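Summary of the model geometry
What follows is each chain in one-letter form.
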Amino acid sequence: MLYLYEWIENNVMNRIHITILLALFLTACYNQRPKLEIKTYKEAEIMPDAEDLLWEKTGRGLHASFGSTDMRYSKYQVPMEIVVKDMELSAWRGERINMQLVLWTVSDLKQVECVWQPLVNESGDSIITDNINTRFIRYVVADEYKNGCGLRSNDLESAHLEPDVLDNLSAMDMAGKTVRPVWICIDVPQTAQPGIYSSSVKIYSKMNSPQELRIKLYVQDRTIPSIANREFHLNLKQNPLAIALWHDVKPWSEEHFEAMKPYMQLLAKSGQKSVSCLLYEGVSEDVTFNTPTSMIKWSKTSDGNWKFDFSILERWIRYMDAMGINKHINLYSILPLNKQLFYHNEINGTNTLISLQEDSDARRKILKAYFSNLSQFLTEQGWMDKTSIVIEDKNQENLADFIYWMRKYEPEFQITLITKRYRPELLDSVQHLGLSAQYITAESMIEMKKTDDTKTSLTIDCSLERPNLFTFSSPSEAAWFGWFAAAHRLDGLYYSGFNDWTAEPLIDGRTTDAPSGANSLIYPDCRSSVRFEKLMEGIQDYEKLNLLEKDLTSIQLEELHKLQSRFTVHRMDDNEAAIVVRKGREIINRLSDL
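Residues numbered from 1 in each chain as written. Predicted model: local features only at pLDDT ≥ 70, side-chain atom pairs only at ≥ 80, totals over all residues. Heavy atoms only, no water.

What follows deals with the sheet that holds strand β10 (residues 178–187). Taken in spatial order, the 6 strands make up an open sheet running β1-β3-β10-β7-β8-β25, and their pairing is antiparallel. In this open sheet, the two edge strands, each paired with only one partner strand, are β1 (62–66) and β25 (528–529). When β1 meets strand β3 (residues 96–105), the two strands line up antiparallel, connected through 5 bridges. Residue pairing in the sheet places S65 in a bridge with V102 of β3. (Pairing = 2+ DSSP bridges. Helix = DSSP H or I, 4+ residues; strand = E, 2+ residues; numbered from the N terminus.)

Looking now at empty space enclosed by the protein. Following the criterion strictly, the structure yields 4 cavities of 30 Å³ or more and no others. Here the largest cavity defines a volume of roughly 120 Å³. H233, N235, T416, H432 and S457 are, among the 14 residues lining the largest cavity, the residues nearest its centre. For the lining of the largest cavity, the secondary-structure elements that each account for two or more residues are β13 (233–236), β17 (328–332), β21 (414–419), β22 (432–436) and β23 (455–460). Estimates place the volume of the second largest cavity at around 70 Å³. D500, W501, T502, P505, D508, G509, T511, G517, N519, S520 and Y523 are the residues that line the second largest cavity. Of the residues in the lining of the second largest cavity, the class split is 3 nonpolar, 6 polar and 2 charged. (1 Å grid on protein atoms, 1.4 Å probe; cavity = no way out; pocket = protein on both sides within 12 Å on 5 of 7 lines; lining within 4 Å. Points joined across faces, edges and corners; volume = space filled by probe spheres on them. Nonpolar A, V, L, I, M, F, W, Y, C, P; charged D, E, K, R; others polar.)

This next bit is on the state of the cysteines. The final tally for this structure, using the stated rule, is 1 disulfide. Between the sulfur atoms of C149 and its disulfide partner C462 the distance amounts to 1.9 Å. Handedness of the C149-C462 disulfide follows from its S-S torsion of about 125 degrees: it is right-handed. Within this pair, whereas C149 is found in the loop between β7 (132–142) and β8 (160–167), its partner C462 is found in the loop between β23 and α8 (475–487), the two being separated by 313 residues in sequence. Cysteine C277 shares no disulfide, and the gap to the nearest cysteine sulfur, in C526, comes to 20 Å. The thiol of C526 is unpaired, and the distance to the nearest cysteine sulfur, on C185, comes to 13 Å. C526 sits in the buried class, given a relative accessible area of 16%. (Disulfide = S-S within 2.5 Å. Buried < 20%, exposed > 50% of the residue type's maximum accessible area, 1.4 Å probe, protein only.)

Let us now look at the sheet that holds strand β16 (residues 306–309). Spatially, the 4 strands line up as an open sheet ordered β16-β15-β18-β19, and their pairing is mixed. The open sheet has two free edges, formed respectively by β16 and β19 (350–355), since each of these has just one partner strand. Each adjacent strand pair in this sheet contributes to an overall mean axis angle of 40 degrees, direction not counted. With 6 bridges joining them, strand β18 (residues 340–345) and β19 adopt antiparallel strand pairing. In the sheet register, F342 faces β19, and the bridge partner there is L353. Against the sheet, helix α5 (residues 361–381) makes contact with β15 (297–300), β16, β18 and β19, and its axis sits at roughly 35 degrees relative to β16, the strand it touches most. (Axes fitted to C-alpha atoms, helices over the stretch in contact; angles between N-to-C directions. Contact = heavy atoms within 4.5 Å.)

So, about helix α3 (residues 254–269). Across its 16 residues, α3 extends 23 Å between first and last C-alpha, which sits within 8% of the 22 Å expected from 1.5 Å per residue. In the structure, α3 departs most strongly from a straight axis at K261, where the bend amounts to approximately 40 degrees and where the proline P262 lies between one and four residues downstream. Inspection of α3 places H256, F257, A259, M260, Y263, M264, L266, L267 and A268 among the buried residues, and these make up the whole buried set. Check the buried side of α3 and you find it contacts β13, α2 (240–246), α4 (311–323) and α9 (530–549). Within two residues after α3, G271 carries a phi angle of roughly 95 degrees, on the positive side. (Expected span 1.5 Å × (residues − 1). Bend = angle between axes of the 7 residues up to and from the residue.)

And the structure:
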C-alpha cells in the first residue's frame, strides 16, 4: 500500500509540474510580440467615489468585446457582462465606417495592442490593413451643460471624465480596474468588389493570452462620391494661431506652415470647402489659444492714410488651395473682436489701439478704406467671386444696417450671415445663411429654395443642450446633424470650433465661456475625436441619401420622409438621436440593395 501512495504522489506532482511548464510555455508564446516603446502624455484622472462592485466578479487578464459607437464607456466601471465577439457591418464603396472595441482589466497590463488581418472575400479580393485605422480613446475632463453659453466656473462638482481623444499609439499600458475603448475606422476603397469580407483582430498584452474578435463587412454595390465630388458644404472654422502656440513656432513662419499641414490635410480629407481668414488682430495682451491673429497688417502712415499688407492672407489662401480647400473664402468679420482695432502707427513706431464701438463717420471711413483695398486685392488674385464677409448676430449691432452698408459701398462682396433665427427679410442681401437647428423647419427651407438660391447651413452653437458636439454629448448626436441637414434640404454645416484649444486640451476640455468641447473638434498633434468621426459619419449619410432619393419609388420615398420628420430638436431626449439615426441606417442599407 505504501508503494501505491508513493506512485500516486509522484504522478500527481509530475502532472502539476507539466501543467506549470505548459502554462509558462504558453505565456512565452503570448509574448512573441516585439517590445514597443510607448511615449505619450499622462491622462487626466478623476477617481470615482466608490469602486464598481462588478470588478470583484471580473476574471483576471484582458477582456475584450465589441461595443457601440453610440456609447461612451466609463473609465472605472465594468463596461458589460456579456461580451460580443462577432460583428456584421455594411458599407458602400468609398465609405469610411466606424467601430468601437472595449477593453478592460482587473489587473495592470503592459503593451496592449491590436493587430488586424486583411479583409478578404470568398473570391480572394481583399482590403488591406493599411485601410484599417486603430486608435486608443483617451479620457479628458468634461463638465455639464448648465446654463449653456456664457461665463462659467470650472467647479469640481460637475467635473468628470469623458472618452473622446483618438490617440495614434501603437500600444498602451492599462492600469488595473480600468477600461480602454478603441476606435476603429475602415476606409472601403472605391474600387472594392461588392461582397462579404471577413477579418479578425487580435488584442495582445504581455503575460496574457490574446483576445480575438471577428467581423464580416458587406460591401454593397453602391459607391459614395469622392471627397472632391461631394455636395455637402462643410465649413469648420480654423484657428492657425492655436497651432503655432501649441507647437511653439512663430506665427506664419515656415515652421508654422509645416506644423499646420497634418491638420489641414485632415480637414481636406473630410470634405472641408471653406478657408477661414481673420481680418483683425486680437485685442487681449494675454494671448491664448483662441485669440484671433490677423492675416492682414494694418498701418497708419505719417500723412494719416491707411495702408494694408495682404501678404500673409495671400500665402494662407494659396497654402489652403494646395491642400484642396479652395471652394470658398470666409472673411471674419465686418468688425473686430470687442470692436477694438490694433494697428501699427508709423509716426511713432508703436502698436496702437483704437475703439470702433460707436457708429460714426470716423468708423465708416476706416472700414470703407479697408474693404475697398481688400476688394481690390481679392479681385486682382481672381478670388472675389468665391469670397464672403461673415456677419454674425452675436455681439453685433443691427444686422440690417451692416448688410445695407456692405451692399452700398462694397457690393461685390458676398455675405455669409450667421444667425440663430430665420431672417427672411434679409435673404435678398445674403448669399450664405447659417441657422441654428431650433429655428429651422423643413417647410421654410423648401419654400425658400423655390424662390432663392441662397446657400443654407446648419449652425451648431452652444444655445442647444442637445443635439450638440460637447465632449459629454451622445456620440450619435454628431451623426444626427448630417441627417437633419438632409431632412431640411440644407446645403451644409457651419461650426466655429475646429481647434480653439484651451491651455491643456488633452487633459481638460472645459472652458470659461461654454460647455466643454464647444471650442474644438480635434486635439493637438492632429488627434481626432469621437465627435469628429461621428460628424463625418452623418455627412456620409447625407451624401448617400441624396443619391438614393433619385432612384426611390414614391412608396419608398414616403417611408424615408416619414423617418426624416422625426429629425427635430423639439422634445429630444438622451436616446432620440441614436434611435432615429440607427433606424435611418437600416433603411439606407435595405434600399441600397434594390
